[in-house]
Protein chains: 2
Amino acid sequence: MKLAVVGLGLIGGSMALDLKKCGYVSEVFGVDQSIENQQSALELKLVDKIVTLEGACKQSDIIIIATPVSSVITLLPRILDLINEHQTVLDVGSTKNLIIECVRNHKYRANFVATHPMAGTEFSGPSAAQEGLFCGKATVICDSLENHPDHLKKVNDMYLALKMRVIEMKSIDHDLHVAYVSHLSHISSFVLANTVLDKEKDASAIFNLASAGFESTVRLAKSSPEMWAPIFDQNQKNIVEALGDYIDRLKLFHESLKAHDYDQTKKYMYQSNEIKRILSQIQKTKEKE
Amino acid sequence: MKLAVVGLGLIGGSMALDLKKCGYVSEVFGVDQSIENQQSALELKLVDKIVTLEGACKQSDIIIIATPVSSVITLLPRILDLINEHQTVLDVGSTKNLIIECVRNHKYRANFVATHPMAGTEFSGPSAAQEGLFCGKATVICDSLENHPDHLKKVNDMYLALKMRVIEMKSIDHDLHVAYVSHLSHISSFVLANTVLDKEKDASAIFNLASAGFESTVRLAKSSPEMWAPIFDQNQKNIVEALGDYIDRLKLFHESLKAHDYDQTKKYMYQSNEIKRILSQIQKTKEKE
């Protein structure tokens, strides 16, 4: 089977690496508009060959779109225009509903599988690609009732080859859940970094006083704005809700601190501690796999 | 030299372990009001012997107070009442000004060194103690002009034995800086966990969709409310300011999302990316050590 990866960054590059290594595909074509990314992907042996989008659509059994979500909605209809009925297309973007909507009435809608592997790091570009990034993690497939069973099976098998747990979900539910469980984390981290950077202008206090806890909460603030701005934009309605909720709760915590309401402050923190149970469940599942 | 550690948790236990191992002290006495912690500290060989507070003050050259900061302000005056002029006392709490104020006029004020080692994890209790926790990290000593040089030297040498970088700072500056660089991270994480837990009541979406990014931003939400509520209370003024700043900036981000102001949203994120430079500097310093 031949694979094309459109967008040779962290996710696309890592998928290319592992799918070739495990033997699920025999040849990998890479498509990227940046000459630098093309060269880097070849040097890092993420792909066998750089081709044009048209070339990729001619020669591949599976085409993975791994660009920022703003490009997915322009590339996906073009790609579906170029393929035949046997070719399978999937995207790996962090938003799902709008992406599906943009090809809702395309004659090859059934060939397009909308997916979201829950893996990544705060780094980007071909050099961020790594083997085993997906192993043991979950991937979401959305609105699969609209897919032809053959195409769905091909994508499902591909994720199993990457050793991922496949979860099915409606795109509309996916977008709401990820607003809370993923997108909000990024905003809390981006804005935390901004708040601290602006207060600590000479940075020596950050340098001296930052502990592992600080590093952990601002880690996502290193993420690429070019990748995240389109996600926030496409999932705007849900993220506006999630961020509004977060701000409301921070205000309650603020009020409780201002009032020296020690018992209430503790009560909020004991509620937060419940996250321990869920994180340790996740940990246990990972260890089993 | 003989050491007493009052409060056998993560920090006290880890200091006891390393100070004995590196030979800076020959014997370690442990004081803790919890029988469970006493037994656990003996079993884990964090201390050689459990003694009373009075016993500790009779026999030790250095006494480390490693309890929640609410207990530091009640224990510290009692301990200074029990020592002689040759004995050195230090605390390791996350707030400094109020703690110093509570013994401002004590005749042994010069024996008390106010410190804050910038190390820890989200876990607590004697079983959370670990070797090497402090190695390569920074520790702050506050208002050292009020210390007798002999006592200051003893504490300074102790931190060098733990392989820490010693930074001097006014307690008032320390408390403002840590409000932004440490305490705010904890609040952002506690409240993020609350927001997500409340939305995702059945937790299966968290379980399925949580990525490493989510885990990293909510990690501190596992921290002990019994330790953090007193810190927030003692550093209330600064934390109210820091949290107010954070909320104001989140509101700006929220407005920019609501207005679909794509360029402004990206601009905020590019500003946050500046944190990369500082975190990589910290990383480089660690690697050198």
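Procedures and definitions
Starting from 1, residues in each chain are numbered consecutively following that chain's sequence as written. Lettering of chains starts at A and numbering of ligands starts at 1, both following the order in which they are written. Confidence filtering applies because this is a predicted model: local features only for residues at pLDDT of at least 70, side-chain atom pairs given and counted only at 80 or more, and all residues used for totals across whole chains, interfaces and linings. Side-chain calculation: all heavy atoms of the structure are included, whereas hydrogens and water are not. Runs of H or I in DSSP of at least four residues are treated as helices and runs of E of at least two as strands, each being numbered from the N terminus. Radius of gyration: C-alpha atoms only; globule rule: 2.2 Å multiplied by the number of residues to the exponent 0.38. The cut-offs for exposure are 20% and 50% of the maximum accessible area for each residue type, with area from a 1.4 Å probe on protein chains only; residues under the lower value are buried, those over the upper are exposed, and the others partly exposed. We call two residues in contact whenever any of their non-hydrogen atoms come within 4.5 Å of each other. Being paired, for any two strands, means DSSP has found at least two bridges between them. Two parts lose some accessible area (1.4 Å probe) when they are put together, and adding that loss for both gives the buried area. The rule for a salt bridge is simple: a side-chain nitrogen of Lys or Arg has to be within 4 Å of a carboxyl oxygen of Asp or Glu. Here a polar contact is recorded for every N or O atom pair within 3.5 Å, except that within protein the pair must consist of a potential hydrogen donor and a potential acceptor, and residues adjacent in sequence are included only if both atoms are side-chain atoms. Put simply, Ala, Val, Leu, Ile, Met, Phe, Trp, Tyr, Cys and Pro go in the nonpolar bin, Asp, Glu, Lys and Arg in the charged bin, and everything else, Gly too, in the polar bin. Each domain span listed reflects an automatic or database assignment of domains. Least squares is used to superpose the copies, and the fit set is the C-alpha atoms of residues whose pLDDT is at least 70 in both copies. A score from 0 to 100, pLDDT tells how confident the predictor is in each residue. Here the aromatic set is Phe, Tyr and Trp, taking the six-membered ring for Trp, and pairing holds for ring centres within 6.5 Å; pairs whose planes are under 30 degrees apart are stacked, those over 60 apart are edge-to-face, and all others are tilted.

Within chain A, the secondary structure is distributed over 13 helices and eight strands. What you see for chain A is a C-alpha radius of gyration of 21 Å, in line with the 19 Å of a compact globule of 289 residues. Out of the 289 residues belonging to chain A, those deemed buried represent 60%. Relative to all contacts within chain A whose residues are 6 or more apart in sequence, the contacts with residues 24 or more apart total 74%.

A separate point is the sheet that holds strand β6 (residues 112–117) of chain A. Residues and elements named next belong to chain A. Reading across the sheet, the eight strands line up as β3-β2-β1-β4-β5-β6-β7-β8 and stay open at both edges, with mixed pairing between neighbours. With partners counted over all chains shown, the strands left at the sheet margins are β3 (49–50) and β8 (165–169), one partner each. Bridge count between strand β7 (residues 138–142) and β8: five bridges; the pairing is parallel. The partner of Val140 across the bridge, within β8, is Ile167.

With that settled, consider the interface of chain B and chain A. With 92 residues of chain B at the interface, the matching set in chain A holds 92 residues. Of the roughly 9,000 Å² buried between chain B and chain A on both sides combined, carbon and sulfur atoms contribute 69%. Taken as a group, Val181, Phe207 and Leu209 of chain B account for 8% of the area that chain B buries against chain A, more than any other trio of residues on that side. At the boundary of chain B with chain A, the tally comes to six salt bridges. Two residues, Lys266 of chain B and Glu226 of chain A, come together in a salt bridge whose shortest N-O distance is 3.0 Å. Along the contact surface separating chain B from chain A lie 43 residue pairs in polar contact (both at pLDDT 80 or more). Across the side of chain B that touches chain A, the residue classes tally to 50 nonpolar, 24 polar and 18 charged.

We now examine the domain arrangement of chain A. Residue and element names in this part refer to chain A. Parsing chain A into structural domains produces domain 1 (2–169) and domain 2 (174–288). Listed per partner, the contact involves 18 residues of domain 1 and 16 residues of domain 2. Summed over both sides, the interface of domain 1 with domain 2 buries roughly 1,400 Å², with 63% coming from carbon and sulfur. Of all residues in domain 1, Ser94, Thr95 and Glu122 give up the largest surface area on contact with domain 2, accounting jointly for 39% of the area buried on that side. Our enumeration of links across domain 1 and domain 2 arrives at two salt bridges.

Our next topic: the relation of the copies chain B and chain A. Mapping chain B onto chain A calls for a rotation angle of 180 degrees and an axial translation of 0.0 Å; the resulting RMSD is 0.0 Å. Read as a symmetry element, the transformation amounts to a two-fold axis. Judged by C-alpha distance, Thr217 of chain B is the residue of chain B that lies nearest the rotation axis, at 2.3 Å. A high fraction, 100%, of the interface residues of chain B reappear at the interface in chain A, so the copies pair face to face through one surface.

We now examine the side chain of Thr115 of chain B. Residue and element names in this part refer to chain B. Here Thr115 lies in strand β6 (residues 112–117). One polar contact links the side chain of Thr115 to the main-chain carbonyl oxygen of Asp91, over a distance of 2.6 Å. Apart from the residues lying within four places of it in its own chain, the contact partners of Thr115 are Leu90, Asp91, Val92, Gly93, Lys96, Val140, Ile141, Val155 and Tyr159.

Right, let's talk about the confidence of the model for chain A for a bit. Scored by pLDDT, chain A has a mean of 95; 99% of the residues are at 70 or more. Listed scores for the predicted complex are pTM 0.93 and ipTM 0.92.

Per the counting criterion, the structure on display carries seven aromatic pairs over all chains. In this structure an aromatic cluster arises from ring pairing among Trp228 and Phe232 of chain A together with Phe253 and Tyr268 of chain B.

For the rest of this paragraph, the subject is the pairing of β6 of chain A. All names here are of chain A. The buried fraction of β6 amounts to six of the six residues, a majority that puts the element mostly inside the structure. A two-sided burial pattern is seen for β6, the buried positions comprising Phe112, Ala114 and His116 on one face and Val113, Thr115 and Pro117 on the other. As paired elements, strand β5 (residues 88–91) and β6 share three bridges and run parallel to each other. By the bridge assignment for β6, Asp91 is matched with Ala114. Across four bridges, β6 lies against β7 in antiparallel orientation. Bridging from a neighbouring strand, Ala114 pairs with Cys142 of β7.

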